[in-house]
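# Secondary and tertiary structure notes
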Amino acid sequence: MNTFAWSHLWNRSPPPSRRIRCEVMDRESPFSSSTEKKMPSNLSIFAESKIPQQKICGGVVFPSVLSPASVQDYEPSVLLAAVRDGKPRLDTLLHTHGAILFRGYNSSPTASYFNDVVEAFGYEELPYVGGAAPRTNVVGRVFTANESPPDQKIPFHHEMAQVPEYPLKLFFFCEVEPVEGGETPIVLSHVVYERMKVKHPEFVEKLEKHGVIYVRVLGEDDDPSSPIGRGWKSTFLTNDKSVAEERAAKLNMKLEWTEDGVKTIMGPIPAIKYDETRQRKIWFNSMVAAYTGWEDKRNDPKKAVMFGDGTPLPEQLVLDCLKILEEESVAIPWEKGDVILIDNLAVLHARRPFTPPRRILASLCK
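One structure accompanies this document, and this report is about it.

What counts, and where the lines are drawn
Residues numbered from 1 in each chain as written. Predicted model: local features only at pLDDT ≥ 70, side-chain atom pairs only at ≥ 80, totals over all residues. Heavy atoms only, no water. Pairing = 2+ DSSP bridges. Helix = DSSP H or I, 4+ residues; strand = E, 2+ residues; numbered from the N terminus. Buried < 20%, exposed > 50% of the residue type's maximum accessible area, 1.4 Å probe, protein only. Phe/Tyr/Trp six-rings, centres within 6.5 Å; stacked < 30°, edge-to-face > 60°. Lys NZ or Arg CZ within 6 Å of the ring centre and 35° of its normal.

## Observations regarding the sheet that holds strand 4 (residues 55-57)
Read from one edge of the open sheet, three strands run 2-4-5, paired in antiparallel fashion. Single-partner strands in this sheet number two, and they are strand 2 (23-24) and strand 5 (60-62). Here strand 2 pairs with strand 4 via two bridges, running antiparallel. Looking at strand 4, one finds that E23 is bridged to I56.

Put into C-alpha cells, the structure is as follows:
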C-alpha cells in the first residue's frame, strides 16, 4: 500500500485515444508515481490500495480504492476532517476514476456515521422524486438502497436516468455485509457507449436521434416485492393527485390515472449524453434495466422502454448491451463499513442477488 500521491492524480487525465475494453489490473504494477510528494498530515490517512477486482480502462484505474495509511483505528472525526480538507482533491480523483471506494475507516459503522461522511463532502442533497425503487429514510440524508427481495437482480442503470433531474453523485454504504453475493457492480458509461457504437452503429445512431420513452405503471402504495414497486404517493411525495400531477409536469412526465394507480410516460428523453467535463459521450439511460428488469404484476418490461419515435427496441441488441455491461463491469464484494462514492454521469451500477442479511444504505446528491 502506498501513501496517496495527490499531486500525481491532480494532473492525471485519460489519454485522448479511445479505449474500447477495460483490462484486469496487473497486480505487480504500482499505482503511484516515483516522485510522490509528502501530503499534509490531515490527508495522510488516505492511502491507495489494490484489490483484485479493479481494472485498467484507458490507462486509468477503475475504481480508485482508498484505505487507512496505517493500521491504527481512526476516530470518525479524523476521517471527516480529512474529507472536508481534501475535498477538492477527492473531487479530482472522482472525476478521473469515476468512483472511489473508502475501505477500512470504521470498525463499528452506523447509519449516523454514514450521514456524517456524506455531509462532510458538502454536496447538496437531491430529493428522491420520480425514482422507481422503494426506499426508506433512515436518518438525515440517508435512505435504504433498493428494498426489492434478495433473490432479485437489479440490472445496470444510471440513477434516475429516466427523469430530467437526476443525481450527479451517489454514495453507498455497507452497514451489514451479505452472507453471500449482493455486490453492487459498476461500469464506466463511456466504455459501454464506445463498444455499442462499434458493434451496433445504426442502433446507437437511432438512439442519439430519437432518444427513448419510458413507461411505468405505479400502484398507490409501495410494493416491496417489486424492484420498481414505488407507489405514486412516495414517488411524488404527496397523497394529493393534483400535487402529483404538478410535480410530474415539472419532470415533463405524463400521467394517466387508473382505478388503482397511474401510468407514467416519460420522454422522449436522451439515451446518449455528452459529458462536457470529460468531453466524451456516455451511455446515460436505463434502457437495459427497464427492458430486462421492470417487471411486476403491473408492468411488462418489453413495453417499459422504446425508441423516442414509439418503435420497439430490438431485443437482441438490448441483450448484447447487457452482455457488454457485464463484461466491462467491476463487482467488489461488500465489507462492513465500506463507503463508495460514484459519479452518476460516468458510472452505471447494478445489484446482484444475495443471501441475507445485507443492509446497504444510500444518499443522492446534486
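## A closer look at unusual backbone geometry
Geometrically, the link from G267 to P268 is a cis peptide bond, its omega value of 5 degrees lying close to zero. Tracing the backbone shows P268 in strand 16 (residues 261-269). P356 connects to P357 through a cis peptide bond whose omega is 5 degrees. Within the secondary structure, P357 is located in the loop between strand 22 (354-355) and strand 23 (359-365). Located in the positive-phi region is M160, a residue other than glycine, with phi close to 60 degrees. Within the element layout of this structure, M160 appears in the loop between strand 10 (154-157) and strand 11 (169-176). Judged by its relative accessible area of 3%, M160 is buried. Backbone geometry places N252, a non-glycine residue, at a positive phi of 60 degrees.

## Observations regarding the packing of aromatic side chains
Scanning the entire structure with this criterion turns up 13 aromatic pairs. Measuring from ring centre to ring centre gives 6.0 Å for F46 and Y105, while their planes differ by 70 degrees; the resulting arrangement is edge-to-face. One end of the pair, F46, is in strand 3 (residues 46-48); the other, Y105, is in the loop between strand 7 (99-102) and helix 3 (111-121), with 59 residues separating them in the sequence. Just as F46 is buried, Y105 falls in that class too. Three or more aromatic residues joined by ring pairs make a cluster, and in this case those are F46, F102, Y105, Y113, F114, F121, Y123, F171 and F173. Seen from the ring of F307, K206 lies directly overhead, with NZ or CZ sitting 4.3 Å from the centre. Directly above the ring of F354 sits R358, whose terminal nitrogen or CZ lies 5.0 Å from the centroid.

These figures capture arrangement, not role.
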